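Tertiary structure, described
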Amino acid sequence: RSLGDIRVLAFEPSRTSCDLLRVNVKNNELTDIVEPRQIGLGDGSAASAELLFDAREPGCSGLDASIVHGEIVETVQLSTLDAQVAQNVPASVIALKLDVEGSEIAVLKGATATLAAAEEVVLLVEDFVDVSIVSYLERTGWSFREKVTPYNSFWTLQKDEPARATARDEAEGKSAAPTTGEG
């Protein structure tokens, strides 16, 4: 079986949920493609957070106590998508699925270099949690593509070649050549 040059990084902050993810990846023989990581994603402003988990309604679990609930509280480690993919080769196409119960904007803020370095980004986001998500996406260059369900929508972010090259250089710590404005 060959799926080509595909790499999946799957982030799950809950220990029990990440353990289940690892078992599913192994049972489905996807260990060569999928790398589960037990960490939550955000904007880099915190190194850890309290995850509220509701075993009866896992979709109501999350980091934002103002919109989620749960009887199980677990301290989880946080990082940014940029920090997590820094050691990987930049992808030309990124498919990003966010199911982060109100932390969507923070996750996207922590992914700016990764997303800017890609030629194309496709985003599936649960946008019913907070209407400000749609506003943020529109302000930051995303284009709405399709509403599949009342709570999920698809967006794309595409860059032209000079913008991608500059973003890639910045993500890799290279400075752009100075321009003098002279021909």
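Refer to the structure printed above.
Right, let's walk through the structure included here.

**Observations regarding the sheet that holds strand β3 (residues 40-41)**
The strand order across the open sheet formed by three strands is β3-β5-β4, and the pairing between neighbours is mixed. Looking at strand neighbours, the two that pair on one side only are β3 and β4 (48-53), the edges of this open sheet. Pairing of β3 with strand β5 (residues 72-79) involves two bridges; the strand directions are parallel. In the sheet register, glycine 40 faces β5, and the bridge partner there is leucine 78.

**Description of the side chain of aspartate 82**
With respect to the helices, strands and loops of the structure, aspartate 82 is situated in helix α2 (residues 81-85). Look at aspartate 82: it is buried, it has no salt bridge, and the nearest opposite charge is arginine 37 at 11 Å. Of note is the side chain of aspartate 82, whose polar atom sits 3.1 Å from the backbone nitrogen of alanine 113. A distance of 2.7 Å separates a polar atom in the side chain of aspartate 82 from a polar atom in the side chain of threonine 114. Discounting chain neighbours no more than four positions away, the residues touching aspartate 82 are Gly110, Ala111, Thr112, Ala113 and Thr114.

**Things to note about unusual backbone geometry**
Positive phi outside glycine occurs at glutamate 29, with the angle close to 55 degrees. On the secondary structure map, glutamate 29 appears in the loop between α1 (15-27) and β2 (34-37). Judged by its relative accessible area of 60%, glutamate 29 is exposed.

**A word on the environment of serine 153**
Note that serine 153 resides in strand β9 (residues 152-158). The class for serine 153 is buried, based on a relative accessible area of 0%. C-alpha separation for the pair serine 153 and leucine 124, spaced 29 residues apart in sequence, amounts to 5.7 Å.

**What about the side chain of threonine 114?**
With respect to the helices and strands, the residue threonine 114 is situated in helix α4 (residues 112-117). Excluding anything up to four places from it in sequence, threonine 114 contacts Leu81, Asp82, Val85 and Ile94.

**Overview of the pattern of salt bridges**
Across all of its chains, the model carries five salt bridges by this definition. In this structure, arginine 15 engages aspartate 19 in a salt bridge whose closest nitrogen and oxygen atoms are separated by 3.5 Å. Here aspartate 19 and arginine 15 lie together in helix α1, a separation of four residues that amounts to about one turn. Linked by salt bridges that have partners in common, Arg7, Glu35 and Arg37 make up one network.

**Details of the packing of aromatic side chains**
Under the criterion given, the structure shown has one aromatic pair. Relative to tryptophan 155, the ring of phenylalanine 144 has its centre 5.4 Å away and its plane inclined at 75 degrees; by these criteria the two rings are edge-to-face. On the criterion of sequence distance, the pair formed by phenylalanine 144 in strand β8 (residues 143-149) and tryptophan 155 in strand β9 is long-range, its members being 11 residues apart. Taking the relative accessible area as the measure of exposure, phenylalanine 144 reaches 43% and is therefore partly exposed. Among the residues examined, tryptophan 155 registers a relative accessible area of 2% and is labelled buried.

**Comments concerning the pairing of β2**
For strand β1 (residues 8-11) and β2, the ladder comprises four bridges, and the chain directions are parallel. Directly across from alanine 10, in β2, lies its bridge partner proline 36. As for the winding sense of the linkage, the β-α-β connection from β1 through α1 to β2 is right-handed.

**Brief notes about the nonpolar core**
Here is a general trend for soluble globular proteins: nonpolar side chains tend to be buried in one another's company. Leu96, Leu108, Leu115, Leu123, Leu137 and Trp142 are the most contacted members of the largest nonpolar core, which has 20 residues in total. Elements that contribute at least two residues to this core include exactly α2, β6 (93-98), α3 (104-109), β7 (120-126), α5 (132-139) and β9. Sequence-distant contacts of leucine 108, defined by excluding residues within four places in its chain, comprise Leu96, Leu98, Leu115, Tyr136, Leu137 and Trp142.

Cut-off values and rules
Residues numbered from 1 in each chain as written. Predicted model: local features only at pLDDT ≥ 70, side-chain atom pairs only at ≥ 80, totals over all residues. Heavy atoms only, no water. Pairing = 2+ DSSP bridges. Helix = DSSP H or I, 4+ residues; strand = E, 2+ residues; numbered from the N terminus. Buried < 20%, exposed > 50% of the residue type's maximum accessible area, 1.4 Å probe, protein only. Lys, Arg positive; Asp, Glu negative; His and termini not counted. Salt bridge = Lys/Arg side-chain N within 4 Å of Asp/Glu carboxyl O. Polar contact = N/O pair within 3.5 Å; in protein donor to acceptor, adjacent residues only side chain to side chain. Contact = heavy atoms within 4.5 Å. Phe/Tyr/Trp six-rings, centres within 6.5 Å; stacked < 30°, edge-to-face > 60°. Right-handed = clockwise from strand over helix to strand, strands pointing away. Core = buried A, V, L, I, M, F, W, Y, C linked by side-chain atoms within 4.5 Å.

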